[in-house]
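Residues per chain, in single letters:
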Amino acid sequence: MLPIVINLSGDCTQKCIFCHGYFKEGMNKDNHSWYFNEIKKKILVFIGRKSFTECMLIGNEPTNFTYFFEFLEFLNNLGIKDIYIQTTGERFSDYDFAKKCYDLGVKGLYIPIYGDDEIHDKVTGKDGAYFKLKQAIENISKIGIKYYFHTILIKQNYPFSFEGVFKKSRIIAHYPYKDNKLDYKLFSIKLSDINEYDKNNILPFRIPCLKIGMSKLDKILINYSKGHIGNKIKISPYKIEIEKQNKIFYYGKKCDSCAYKNNLCTGVYKEYLDLHGDNEFNPI
Ligand code: SF4
């Protein structure tokens, strides 16, 4: 049985420059109580007589949701005791918080990391964020909560080298998601500038002429998307059109003569083409 993906958005304390903030509207603390009741009703209706044991919490920052622990207890009472969370990891720098999560079924965290020390702090707009993340990793490693890193490829962390404690971690890279409210000029790099280390790790693009793809990580990504982000079992009282937004991919004029257009190549966001053009593409 696939896990349920649940939007549980608390306020994020970071201010990442590329953040698409799909979940920001209506997520101030005043309506957490309303949200808590709505989401519980939705889950109960959705589950019906089915039995689920695993879920993934996404949002802005699920751990800052006012009724976070009550929500974990609610899941536990439904038999959902394998819980994964997409989080900055910040709150897990508090050992007691991390332990309580573990006791309530938190098995793994999906955490963004943008570089070492001050690079991570700069990208997140938060002094000390890297230090807290290190503490969090120490805590959850002791407790037995797993963690999986991902990063976002932007000017501010180019050329994406990860040293220190995170050096040996497998890091899945994303290009910033599309959002009309974002100014791509502030952070967008050309895909052809991305170094070899990252070329096979990039989501959401597959651009064969730039040798950007997912070949080495295909299996992981397919499992990841089937099991979590991409599955259809997504519950939220908000009307969030993520799938619709993510489907907006375009090709350059040069691509018209390419055999991979509408085939093996995903294309890129319109904003990307507006900014960088299609000079870097080489039709196949
Ligand atoms: S030329 Fe265009 S369609 Fe062909 S692989 Fe490159 S980006 Fe994709």
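Residues numbered from 1 in each chain as written. Predicted model: local features only at pLDDT ≥ 70, side-chain atom pairs only at ≥ 80, totals over all residues. Heavy atoms only, no water.

## Examining the overall build of the protein chain
Consideration 1: Summing up its helical and strand segments, the protein chain has nine helices and eight strands in all.
Consideration 2: The buried share of the protein chain, taken over its 284 residues, is 50%.
Consideration 3: On the protein chain, roughly 14300 Å² of surface is accessible, and the fraction owed to carbon and sulfur atoms is 51%. (Helix = DSSP H or I, 4+ residues; strand = E, 2+ residues; numbered from the N terminus. Buried < 20%, exposed > 50% of the residue type's maximum accessible area, 1.4 Å probe, protein only. Areas by Shrake-Rupley, 256 points an atom, 1.4 Å probe, with all protein chains shown as cover.)

## Points about the pattern of salt bridges
Consideration 1: Taken as a whole and judged by the stated rule, the model has six salt bridges.
Consideration 2: Between Lys-107 and Asp-82 there is a salt bridge, and its shortest N-O distance comes to 3.2 Å. Of this pair, Lys-107 sits in strand β4 (residues 106–112) while Asp-82 sits in strand β3 (residues 82–86); the two residues are 25 residues apart in sequence, bridging distant segments of the chain.
Consideration 3: Relative accessible area serves as the criterion here: at 31%, Lys-107 is assigned to the partly exposed category.
Consideration 4: The salt bridge partner of Glu-90 is Lys-126, with a shortest N-O separation of 2.9 Å. Taken as a pair, Glu-90 in the loop between β3 and α3 (95–103) and Lys-126 in the loop between α4 (117–124) and α5 (129–143) lie far apart in primary sequence, 36 residues in all. (Salt bridge = Lys/Arg side-chain N within 4 Å of Asp/Glu carboxyl O.)

## What to know about the packing of aromatic side chains
Consideration 1: In the structure shown here, the tally under the stated rule is 17 aromatic pairs.
Consideration 2: Taking the centre distance of 5.3 Å and the plane angle of 50° together, the rings of Phe-68 and Phe-69 count as tilted.
Consideration 3: Assessed through its relative accessible area of 2%, Phe-68 is described here as buried.
Consideration 4: Residue Phe-69 is classed as buried on the basis of its relative accessible area, which comes to 18%.
Consideration 5: When the ring centre of Phe-36 is taken as reference, the NZ or CZ atom of Lys-40 above it lies at 4.0 Å.
Consideration 6: In this structure, Lys-40 is placed above the aromatic ring of Phe-74, and the distance from its NZ or CZ to the ring centre is 6.0 Å. (Phe/Tyr/Trp six-rings, centres within 6.5 Å; stacked < 30°, edge-to-face > 60°. Lys NZ or Arg CZ within 6 Å of the ring centre and 35° of its normal.)

## Topic: the site of the ligand
Consideration 1: The environment of the ligand is formed by Ile-207, Pro-208, Cys-209, Tyr-251, Cys-255, Cys-258, Lys-261, Cys-265, Phe-281, Asn-282 and Pro-283.
Consideration 2: Its residues assigned to classes, the shell around the ligand comprises nine nonpolar, one polar and one charged. (Near = heavy atom within 4 Å. Nonpolar A, V, L, I, M, F, W, Y, C, P; charged D, E, K, R; others polar.)

## A short note on the pairing of strand β2 (residues 54–58)
Consideration 1: For β2, a buried count of four out of five residues is recorded, marking the element as mostly surrounded by other parts of the structure.
Consideration 2: Of the strand pairs in this sheet, β2 and β3 are connected by four bridges, and their pairing is parallel. Across the sheet, the residue bridging to Met-56 is Tyr-84, located in β3.
Consideration 3: In terms of handedness, the path from β2 via helix α2 (residues 68–77) over to β3 forms a crossover that is right-handed. (Pairing = 2+ DSSP bridges. Right-handed = clockwise from strand over helix to strand, strands pointing away.)

## So, the side chain of Thr-124
Consideration 1: Tracing the chain through its elements places Thr-124 in helix α4.
Consideration 2: Discounting chain neighbours no more than four positions away, the residues touching Thr-124 are Gln-14, Lys-15, Cys-16, Tyr-114 and Ala-129. (Contact = heavy atoms within 4.5 Å.)

## Remarks on the environment of Pro-3
Consideration 1: Its location among the elements puts Pro-3 in the segment before β1 (4–7).
Consideration 2: Classification of Pro-3 as buried rests on a relative accessible area of 5%.
Consideration 3: Pro-3 sits 65 residues away from Phe-68 along the chain, and the two C-alpha atoms are 19 Å apart.

## Examining the packing of α4 against α5
Consideration 1: Relative orientation of the contacting elements α4 and α5 amounts to 110°, with a least axis distance of 7 Å. When the interaxial angle is binned, α4 and α5 end up roughly perpendicular. Across the interface between the two elements, Asp-117, His-120, Asp-121 and Thr-124 from α4 touch Ala-129, Tyr-130 and Leu-133 from α5. (Axes fitted to C-alpha atoms, helices over the stretch in contact; angles between N-to-C directions. Parallel < 35°, antiparallel > 145°, perpendicular 65-115°, else oblique.)

## As for α3
Structurally, the α-helix is built with 3.6 residues per turn, so residues lying three or four positions apart point the same way.
Consideration 1: All of the buried residues in α3 are Phe-97, Ala-98 and Cys-101. In a view along the axis of α3, the buried residues occupy a sector of 100°, so they form one face of it.
Consideration 2: Residues of α3 that are buried sit in contact with α2, β4 and α5.
Consideration 3: The N-cap residue of α3 is Asp-94: its side-chain oxygen and the backbone nitrogen of Asp-96 are 3.0 Å apart.
Consideration 4: Of the residues flanking the end of α3, it is Gly-105, one or two places downstream, whose phi is positive at about 100°. (Arc of directions from axis to C-beta. Polar contact = N/O pair within 3.5 Å; in protein donor to acceptor, adjacent residues only side chain to side chain.)

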